[in-house]
Amino acid sequence: MRESLEEKLYRENITIASINRRALAYAIDDVIISVLFMLIYWDYIARASDIGVEATLAAISNLFWQIALMKVAYHTFFIWYYAATPGKMLCKLVCIDTVMLSRPSLSSSFLRACMRLLSETLFYIGFLWALGNSQRQTWQDKLAKTVVCNAY
């Protein structure tokens, strides 16, 4: 008989991260990405802001794909290389593969980052999914076969 995820985590003394800590980690990561984005595109946005608010909003809207690519690259790299983004590190969380209970592979990290972006664009429904299951897995966690746990 196959061991369930809960049994595996219990056997290895791994605890699931709380929704509050995950939300804080999400907010920290979003601030970091926003600051990086503003630093990279400062001149472009500043020139548009000289024209007016509508031009500024249009300029930022025109950069949607750059923002999306930056988010996917950020989350893919950090989850693959460190098993945690800077926000997760500050909140002492780690993202692990549900099969081996280790760092996710590059392909799983990329899949997770892409699904995370899709969930954001769909009004965060994929994040709300975590409220309805005992492992607190979001859509991106389910699809990439990962779980976010407390780091020790």
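As shown above, the structure is provided for reference.
Residues numbered from 1 in each chain as written. Predicted model: local features only at pLDDT ≥ 70, side-chain atom pairs only at ≥ 80, totals over all residues. Heavy atoms only, no water.

**Q** Account for the packing of helix H5 (residues 64-82) against helix H7 (residues 106-121), naming residues and giving values.
**A** In the contact formed by H5 and H7, the axes pass within 8 Å of each other and the chain directions differ by 140°. With respect to their mutual orientation, H5 and H7 come out oblique. Both H5 and H7 take part in a crossing whose hand is right-handed. Between H5 and H7, the residues in contact are Phe64, Ala68, Lys71, Val72, His75, Thr76, Ile79 and Trp80 and Leu106, Ser109, Phe110, Arg112, Ala113, Cys114, Arg116, Leu117, Glu120 and Thr121, respectively. (Axes fitted to C-alpha atoms, helices over the stretch in contact; angles between N-to-C directions. Helix = DSSP H or I, 4+ residues; strand = E, 2+ residues; numbered from the N terminus. Parallel < 35°, antiparallel > 145°, perpendicular 65-115°, else oblique. Left-handed = near helix turned anticlockwise from the far one by under 90°. Contact = heavy atoms within 4.5 Å.)

**Q** Tell me what's going on with the environment of Arg22, and back it up with residues and numbers.
**A** Relative to the helices and strands, Arg22 is located in helix H2 (residues 19-40). Put simply, Arg22 and Arg103 are 81 residues apart on the chain and 18 Å apart in space, counted from C-alpha to C-alpha. In this structure, Arg22 is in contact with Ala17, Leu93, Arg112, Arg136, Thr138, Asp141 and Val148, ignoring residues within four places of it in sequence. Within the structure, Arg22 has its side chain in polar contact with the backbone oxygen of Arg136 (distance 2.6 Å). (Polar contact = N/O pair within 3.5 Å; in protein donor to acceptor, adjacent residues only side chain to side chain.)

**Q** Run through the packing of aromatic side chains, naming residues and quoting values.
**A** The final tally for this structure, using the stated rule, is 13 aromatic pairs. Relative to Phe127, the ring of Tyr26 has its centre 5.4 Å away and its plane inclined at 70°; by these criteria the two rings are edge-to-face. Within this pair, whereas Tyr26 is found in helix H2, its partner Phe127 is found in helix H8 (residues 125-128), the two being separated by 101 residues in sequence. Aromatic pair Phe37 and Tyr41: ring centres 5.0 Å apart, planes at 45°, arrangement tilted. Taken together through their ring pairs, the aromatic side chains of Tyr74, Phe77, Phe78, Trp80, Tyr81 and Tyr82 make up a single cluster. (Phe/Tyr/Trp six-rings, centres within 6.5 Å; stacked < 30°, edge-to-face > 60°.)

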